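# Understanding the architecture of this molecule
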Amino acid sequence: MPKKEGIRDLFDDIAVKYDRFNHVSSFGADRSWRRKAVREIVDTAQPIQVLDVATGTADFAIAVNRKAAAGSHITGIDLSEGMLEVGKAKCQGLPIDLEVGDAENLRFKDGTFDRVCVAFGVRNFENLMKGLEEMRRVLKPGGKLVILELSYPKNRLIFSFYKFYSLKILPKIGAGMTGNTGAFTYLPDSILKFPLPDKFIPMLREAGYSTVRARQFLFGVCRMYIAVK
């Protein structure tokens, strides 16, 4: 099965319990990480047009909307209709539109958005470079890409604990909450396979971004990348 189809089916299956799993498995830290990323996205008092890629159940889109100036609008895309159904119920009455969409084949015209963001989804791209290039294409000149992604610590001692938790404990928590064992084997494995900043930052530059920088949270368990078109 192609990766995109597998990802879509995986998230369709766990959509209803996904938010709760995120909060429980990260001990609530995911909310703090999103707030830090929102500050990078909403760094102006002017209305902004935002594209939230791999929006899932729209937690990130809603967080951006809370801080964005009046007149701002957020478009969220995701491969999973199941995740979007949960998100649409949460977004009623908000200036947020959710739709099925593929980060590697965006339907939007060049230079449409002031900001593009991805929270905990870029590691699921089938063709990472193509996705980075597409997100740059739809940014306005001077626009900003903000990526929030799970990662792993470089410190060997902390990494040993992290790896044990991710590969042994996390799948049991996820399976217990959702009944899906495979999803929570894939998710921690995808984190361990995603490039660290020394490789990912050059990829962003190769995709055409400038002023690329990175921050880490909780010893590197989560990383934020900021890149300007």
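Quick look at the structure, then. All of these numbers come straight from a predicted model, not from anything done at the bench. (Residues numbered from 1 in each chain as written. Predicted model: local features only at pLDDT ≥ 70, side-chain atom pairs only at ≥ 80, totals over all residues. Heavy atoms only, no water.)

### Observations concerning the overall build of the chain
Applied cut-off: Put simply, DSSP marks the helices as runs of H or I at least four residues long and the strands as runs of E at least two long, and each gets a number from the N terminus on. Both definitions apply: the radius of gyration is a C-alpha atom measure, and the globule rule equals 2.2 Å times residues to the power 0.38. Relative accessibility under 20% of the residue-type maximum defines a buried residue, over 50% an exposed one, and the middle range a partly exposed one, all with a 1.4 Å probe and only protein chains included.
Helix and strand counts for the chain stand at 8 helices and 7 strands. Relative to the 2.2 N^0.38 estimate, which gives 17 Å for 229 residues, the radius of gyration of the chain is 17 Å and therefore close to what a compact globule would have. Over its C-alpha atoms, taken along the principal directions, the chain stretches across nearly 45 × 40 × 35 Å. Buried positions account for 54% of the 229 residues belonging to the chain.

### Concerning the layout of surface pockets
Definition in use: Within this scheme a cavity is a closed region of a 1 Å grid, computed over the protein atoms alone, that accommodates a 1.4 Å probe without allowing it to escape, whereas a pocket is open but has protein on both sides within 12 Å along at least five of seven lines; lining residues each have an atom within 4 Å of a point. Grid points are joined across faces, edges and corners, and a volume is the space filled by probe spheres set on the points. All residues other than Ala, Val, Leu, Ile, Met, Phe, Trp, Tyr, Cys, Pro, Asp, Glu, Lys and Arg, Gly among them, are scored as polar; the first ten of these are nonpolar and the last four charged.
Volume-wise, the second largest pocket comes out at about 280 Å³. Taken together, the elements giving at least two residues each to the lining of the second largest pocket come down to α2 (29-41) and α3 (59-67). Looking at the lining of the second largest pocket residue by residue, the class counts come to 3 nonpolar, 1 polar and 7 charged.

### Looking at unusual backbone geometry
For A54, which is not glycine, the phi torsion reads 55° and is therefore positive. Looking at where A54 falls in the secondary structure, it is placed in the loop between β1 (49-53) and α3.

### Remarks on a positive patch on the surface
Put simply, the rule is: Every patch collects residues that have over 30% relative accessible area and no salt bridge, joining them within 9 Å if they carry like charges and within 5 Å if they are nonpolar side chains (Val, Leu, Ile, Met, Phe, Trp, Tyr). Here the open area of atoms and residues is found with the Shrake-Rupley method and a 1.4 Å probe, where only the protein chains shown may cover a residue. For salt bridges, the criterion is a side-chain nitrogen of Lys or Arg within 4 Å of an Asp or Glu carboxyl oxygen. This count recognises Lys and Arg as positive and Asp and Glu as negative, with His and chain-terminal groups excluded. For the purpose of locating charges, the reference atoms are NZ of Lys, CZ of Arg, CG of Asp and CD of Glu.
There is a patch of like positive charges on the surface, built from R31, R35, R39, R66, K67 and R215. When contributions to the positive patch are tallied by element, the ones reaching two or more residues are α2 and α3. Ranked by residues supplied to the positive patch, first place goes to α2 with 3 residues. Mapped onto the elements of the fold, R66 is located in helix α3.

### Comments concerning the packing of α2 against α3
Heads up, the condition is: As a rule, the C-alpha atoms of each element are fitted with a line to give its axis, helices using only the stretch in contact, and angles between N-to-C directions run from 0 to 180 degrees. Under this scheme an angle from 65 to 115 degrees is roughly perpendicular, one under 35 degrees roughly parallel, and one over 145 degrees roughly antiparallel; angles in between are oblique. Put simply, a crossing is left-handed when the front helix is turned counterclockwise from the back one by less than a right angle, and right-handed when it is turned clockwise. Whether two residues are in contact is decided by their heavy atoms: any pair within 4.5 Å suffices.
One can describe the packing of α2 onto α3 by two numbers: an axis separation of 10 Å at closest approach and a directional angle of 55°. Judged by the angle between their axes, α2 and α3 are oblique. The interaxial crossing formed by α2 with α3 has right-handed handedness. For the pair α2 and α3, contact is made by R34, A37, V38 and I41 and by D59, F60, A63, V64 and K67, respectively.

### Some thoughts on the sheet that holds strand β2 (residues 73-78)
Here is the rule: Only strands joined by at least two bridges in the DSSP assignment are considered to pair.
Read from one edge of the open sheet, 7 strands run β3-β2-β1-β4-β5-β7-β6, paired in mixed fashion. Here the strands that pair on one side only, and so sit at the sheet edges, are β3 (96-100) and β6 (210-217). In this sheet, adjacent strand axes meet at a mean angle of 15° when their direction is disregarded. Bridge count between β1 and β2: 5 bridges; the pairing is parallel. Bridge assignment links L51 to a residue of β2, and that residue is T75.

### Remarks on the packing of aromatic side chains
Let me state the cut-off plainly: Only Phe, Tyr and Trp rings take part, Trp by its six-membered ring, and two of them pair if their centres are within 6.5 Å. Stacked means planes under 30 degrees apart, edge-to-face means over 60, and tilted covers everything else.
Tallied over the entire structure, the rule returns 5 aromatic pairs. Their ring planes at 85° and their centres at 5.0 Å tell us that F108 and F113 sit as a pair that is edge-to-face. A single burial state applies to F108 and to F113, both of which are buried. Ring geometry for F200 versus Y225: centroids 4.7 Å apart, planes at 80°, classification edge-to-face.

### A word on the pattern of salt bridges
Across all of its chains, the model carries 15 salt bridges by this definition. The closest approach of N and O atoms between R8 and D9, which form a salt bridge, is 3.3 Å. Across the pair R137 and D110 runs a salt bridge whose closest N-O atoms are separated by 2.7 Å. With a gap of 27 residues between them, R137 in helix α5 (residues 128-137) and D110 in the loop between β3 and β4 (113-119) connect regions that are remote in the sequence. With a relative accessible area of 22%, R137 lands in the partly exposed category. Members of the salt-bridge network, linked through shared partners, are E40, D43, R115, K144 and R213.

### Some remarks on a negative patch on the surface
A cluster of acidic residues, D12, D13, E81 and E85, forms a negative patch on the protein surface. When contributions to the negative patch are tallied by element, the ones reaching two or more residues are α1 (3-25) and α4 (81-90). By secondary structure assignment, the location of E85 is in helix α4.

Shape descriptors only; they carry no functional weight alone.
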